[in-house]
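Results of the structural survey
Listed below are the residues making up each chain.
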Amino acid sequence: MSTDKRPETFVPLYSQERGDKLPLPASLAALLGDFRLPLKTQSPYVIGNFASTIDGVVSLNEQGHTGGGPISGFLASDHVLMGVLRAAADAIIVGAGTLRDEPGHRWTAEYIYPAFAQEYRDLRLALGKTIPPLTVLVSASGHIDLNQGLFQRREVPVLIITTPEGEKRVRTKKIPSWVQLASVQPQQGGNISAQNILTLVEQACHGQLFLTEGGPQLLNAFLSEGQLDELFLTLAPQLAGHIHNDQRPAVVMGAHFAPDRPLWSTLQSVRLVGSHLFLRYAFRERERE
Ligand SMILES: NC(=O)c1ccc[n+]([C@@H]2O[C@H](COP(=O)([O-])OP(=O)(O)OC[C@H]3O[C@@H](n4cnc5c(N)ncnc54)[C@H](OP(=O)(O)O)[C@@H]3O)[C@@H](O)[C@H]2O)c1
């Protein structure tokens, strides 16, 4: 996946970003400037990355127009940043709904912005990470098409996290040897807890920086349990519009937080590209580690 246009430079407007300065290769540093992420934490540092319209829509939910591309307008700079987060991550966690709506997608830095494939490899090596990030697919039902490229290409290690019932369903198909499968009892309501997801991911990969690219239902698990450290939000300057019951999802779906337990955050940084805002919000305060 890529865009023809060249990425524009991110204009820094505000920063209280925490953590270590990323050792970005020169071309990425020229675009992004000083960019920080906590790299040495004792427990998983979990970041989410979403693109949203002004009216809070993250998927148009129409045939041929799903995914984040139509939301951000396929903005090259957004893809560059997605690539940086993927290149820095130890695991990238996605829900089965996102894979179903974007079959063929690969959760690698070079897939989202191929022109910087070498820069992403250099960044990863500079971080001391010698293997690609683990792609983690979460599904309660186990309704997963194992013929998709994600499972067949052997490009990245893959872990499927499901329930015992989901595991039975997955095991009726041929599982490639490089795809790991883990199952855990779901909570009441059928979903797997974020804590259990994180424990299984920790067991399966080296490192503590976990990125979730959603979707909105999976993000709900992390937010509901207070397990999301930061949300990277690209606010695209368009209104998608709504009609009643149109099933156009917002950033998080599946729970009401406010008014009973509102989830306030702290703004970490703001960057600007044209009229797109790149926002970082911290949802969990941490002692310095
Ligand atoms: N704009 C953006 O930045 C952005 C980012 C991500 C996704 N999206 C879009 O959002 C849409 C998908 O929304 P969605 O809410 O359906 O996405 P989702 O969270 O990826 O998928 C929901 C499905 O994932 C599994 N799942 C999620 N959380 C789970 C949990 N805690 N335990 C067990 N299984 C869990 C379940 O799969 P089973 O049904 O198999 O049990 C569930 O039905 C797509 O159109 C996608 O392109 C947009």
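The structure presented is a predicted model; accordingly, all values stated were derived computationally and were not measured.

**Remarks on the overall build of the chain**
- What the chain contains, in helices and strands, is 10 helices and 12 strands.
- Taken along the three principal axes of its C-alpha coordinates, the chain extends 50 × 45 × 40 Å.
- For the chain, with 289 residues in total, the buried portion stands at 51%.
- Pairs at least 24 apart in sequence give 72% of the contacts found in the chain among residues at least 6 apart.
- If you sum the accessible surface of the chain, you get close to 13800 Å²; carbon and sulfur atoms cover 51% of it.
- Distance between charge centres in the chain, computed from 26 positive and 28 negative side chains, equals 5 Å.

**Some details on the nonpolar core**
- Judged by nonpolar contacts, the single largest core of 47 residues is most densely connected at F35, L37, V84, Y120 and F151.
- Residue contributions to this core peak at eight residues, all from helix α3 (residues 76-88).
- Leaving out residues up to four positions away in the same chain, F151 has contacts with L99, L137, I144, D145, L146, V158, I160, P176, W178 and V179.
- Of all hydrophobic cores here, the second largest spans 32 residues; its members include F50, V138, L223 and V270.

**Quick word on the UniProt feature "domain: Bacterial bifunctional deaminase-reductase C-terminal" (unreviewed entry) in the chain**
- Sequence positions flagged by UniProt for "domain: Bacterial bifunctional deaminase-reductase C-terminal" (unreviewed entry) are, in local numbering, residues 44-242.
- Secondary structure content for residues 44-242 is 34% helix and 20% strand, and the end C-alpha separation is 36 Å.

Conventions adopted
- Along each chain, residue indices are assigned from 1 in the same order as the chain's sequence is written.
- Local features in a predicted model are, by the rule used here, given only for residues with pLDDT of at least 70; side-chain atom pairs are given and counted only at 80 or more, and totals for whole chains, interfaces and linings are based on all residues.
- Side-chain measures were taken over the full set of non-hydrogen atoms in the model, leaving aside hydrogen atoms and water.
- Per the convention used, a helix needs a DSSP run of H or I reaching at least four residues, while a strand needs a run of E reaching at least two, with both numbered from the N terminus.
- When a residue's accessible area, from a 1.4 Å probe over protein chains only, is under 20% of the maximum for its type it is buried; when over 50% it is exposed; and in between it is partly exposed.
- Contact criterion: two residues are considered in contact whenever any of their non-hydrogen atoms come within 4.5 Å of each other.
- The Shrake-Rupley method, run with a 1.4 Å probe sphere, supplies the accessible areas, and residue values consider only the shown protein chains as cover.
- Charged residues are defined narrowly, with Lys and Arg counted positive, Asp and Glu counted negative, and His plus the chain ends left uncounted.
- Every charge is mapped onto a representative atom, which is NZ of Lys, CZ of Arg, CG of Asp or CD of Glu.
- What makes a nonpolar core is a set of buried Ala, Val, Leu, Ile, Met, Phe, Trp, Tyr and Cys residues whose side-chain atoms join them at distances within 4.5 Å.
- UniProt positions are given in the numbering used here, feature names are shortened, and annotations may be inferred rather than shown by experiment.

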